[in-house]
Amino acid sequence: MISLIFTAWAALATAAISPGPNLVAVASRGLGSGRSAALVVAAGLACGAFLWSFLTAVGLGTLFDAYPALLHIMGLFGGAYLLWLGFKGWRAALTGKGGQIAPIKGRGVWHDFLHGLTVTSTNPKVALLWASLSTLVGPAITDWTLLLMFTTGSTIIIFAIYGTYGCLFSTGRARGLYQQFQKTSEALFGTLFGALGIFMMKTAL
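Model, not experiment: these values are computed from the prediction.

(A) Region of the structure containing the overall build of the protein. Each helix and strand counted, the protein has nine helices and zero strands in total. Helices and strands appear in the protein in the N-to-C order α-α-α-α-α-α-α-α-α. Scored against the burial criterion, the 205 residues of the protein give a buried share of 46%. Long-range contacts, defined as pairs at least 24 residues apart, comprise 88% of the intrachain contacts of the protein with a sequence gap of at least 6.

Written out as structure tokens, the structure is:
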């Protein structure tokens, strides 16, 4: 049972490290308002991970066992959304406007926290990940101790990864590199988002 939880954590960390709306949210706050605001957004993302992990452990697996087509539908919509983000990234690279990662000023602790929570709650990449993990983790959570272990560990992993991203993007060097290589970075993110979107859609078919 424990091995299944560690496998789920490894998948969660891998997905969190890769580009997506969560990374955009925390990086934009880091560039625009510095480390504190970025860490608050990361805390919102971590809170969302706690909620997702709880739902994954107690019920999502049953839902997708009963209606397996939902996973395919989520994959198609999630992939299409990431393709749209990829298109926006390349459009920004070509025009210099409307970039994915742009400096955004913080609007206070509560608003920044809710921003992180909202982004991860509505992120199709995140939703599909937790939906996929639900059939793996659900049977492994057999008591409250394992439930607490899984939800707490998931929360810590997400805060550690996105908190690190937030700190990196809040440095003066990161701001300078962003301004210098903005179009290149937008093209890179556009390519990664597009590739991930295509992969999700192909997997869902």
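(B) Quick look at the packing of aromatic side chains. Applying the stated criterion across every chain, the model contains four aromatic pairs. Each ring, one from W110 and one from F113, has its centre 6.1 Å from the other, and the planes form 15 degrees; the classification is stacked. You can see W110 and its partner F113 sitting in helix α5 (residues 109-122), three residues apart, about one turn around the helix. Between W130 and F150 the ring centres are 6.2 Å apart and the planes differ by 80 degrees, which places this aromatic pair in the edge-to-face class. Placement of the pair is W130 in helix α6 (residues 124-137) and F150 in helix α7 (residues 144-169), with a sequence separation of 20 residues. Each member of the pair, W130 as well as F150, is classed as buried.

(C) How the structure looks around the pattern of salt bridges. The full count for this structure, using the stated rule, is one salt bridge. R29 serves as the salt-bridge partner of D112, at 2.9 Å between the closest nitrogen and oxygen. On the criterion of sequence distance, the pair formed by D112 in helix α5 and R29 in helix α2 (residues 21-33) is long-range, its members being 83 residues apart. In this structure, D112 and R29 share a single accessibility class: buried.

(D) A look at α2. The first and last C-alpha atoms of α2 sit 18 Å apart over 13 residues, in line with the 18 Å expected at 1.5 Å per residue. α2 sits mainly inside the fold: 12 of its 13 residues count as buried. Among all positions in α2, only P21, N22, L23, V24, A25, V26, A27, S28, R29, G30, L31 and G32 are buried. Phi for G34, located one or two positions after α2, is positive at around 95 degrees.

(E) Structural view of the environment of T14. Secondary-structure assignment places T14 in helix α1 (residues 2-17). Looking at T14, the relative accessible area reads 54%, which means it is exposed. In this structure, the C-alpha to C-alpha distance between T14 and I161, residues 147 residues apart in sequence, is 9.9 Å. Within the local environment of T14, its side chain forms a polar contact with the backbone oxygen of A10, the two atoms lying 2.8 Å apart.

(F) Spatial organisation of the nonpolar core. In this structure, L23, V26, W130, I141, F150, I158 and Y162 are the most contacted members of the largest nonpolar core, which totals 40 residues. At the level of elements, α1, α2, α3 (35-66), α4 (69-95), α6, α7 and α9 (182-204) are the ones that each hand at least two residues to this core. Beyond its immediate stretch of four places on either side in the chain, Y162 contacts A16, N22, L23, V26, A42 and L45.

(G) Spatial organisation of the side chain of S53. Inspection of the secondary structure puts S53 in helix α3. If sequence neighbours within four positions are ignored, S53 has contacts with W130, F150, T151 and S154.

(H) Up close: a nonpolar patch on the surface. On the surface, F50, L51, F54, L55, V58 and W144 cluster together into a nonpolar patch covering about 610 Å² of accessible area. Along the chain, W144 falls in helix α7. Accessibility expressed as a relative area gives 68% for W144, which makes it exposed.

(I) The arrangement of the side chain of S154 in detail. If you trace the backbone, S154 turns up in helix α7. Judged by relative accessible area, which is 0%, S154 ranks as buried. For S154, the side chain forms a polar contact with the side chain of W9, separated by 3.3 Å. Aside from chain neighbours lying at most four places away, what touches S154 is W9, L12, A49, S53 and W130.

Calculation rules
Residues numbered from 1 in each chain as written. Predicted model: local features only at pLDDT ≥ 70, side-chain atom pairs only at ≥ 80, totals over all residues. Heavy atoms only, no water. Helix = DSSP H or I, 4+ residues; strand = E, 2+ residues; numbered from the N terminus. Buried < 20%, exposed > 50% of the residue type's maximum accessible area, 1.4 Å probe, protein only. Contact = heavy atoms within 4.5 Å. Phe/Tyr/Trp six-rings, centres within 6.5 Å; stacked < 30°, edge-to-face > 60°. Salt bridge = Lys/Arg side-chain N within 4 Å of Asp/Glu carboxyl O. Expected span 1.5 Å × (residues − 1). Polar contact = N/O pair within 3.5 Å; in protein donor to acceptor, adjacent residues only side chain to side chain. Core = buried A, V, L, I, M, F, W, Y, C linked by side-chain atoms within 4.5 Å. Patch = residues over 30% accessible without salt bridge, like charges linked within 9 Å, V, L, I, M, F, W, Y side chains within 5 Å. Areas by Shrake-Rupley, 256 points an atom, 1.4 Å probe, with all protein chains shown as cover.

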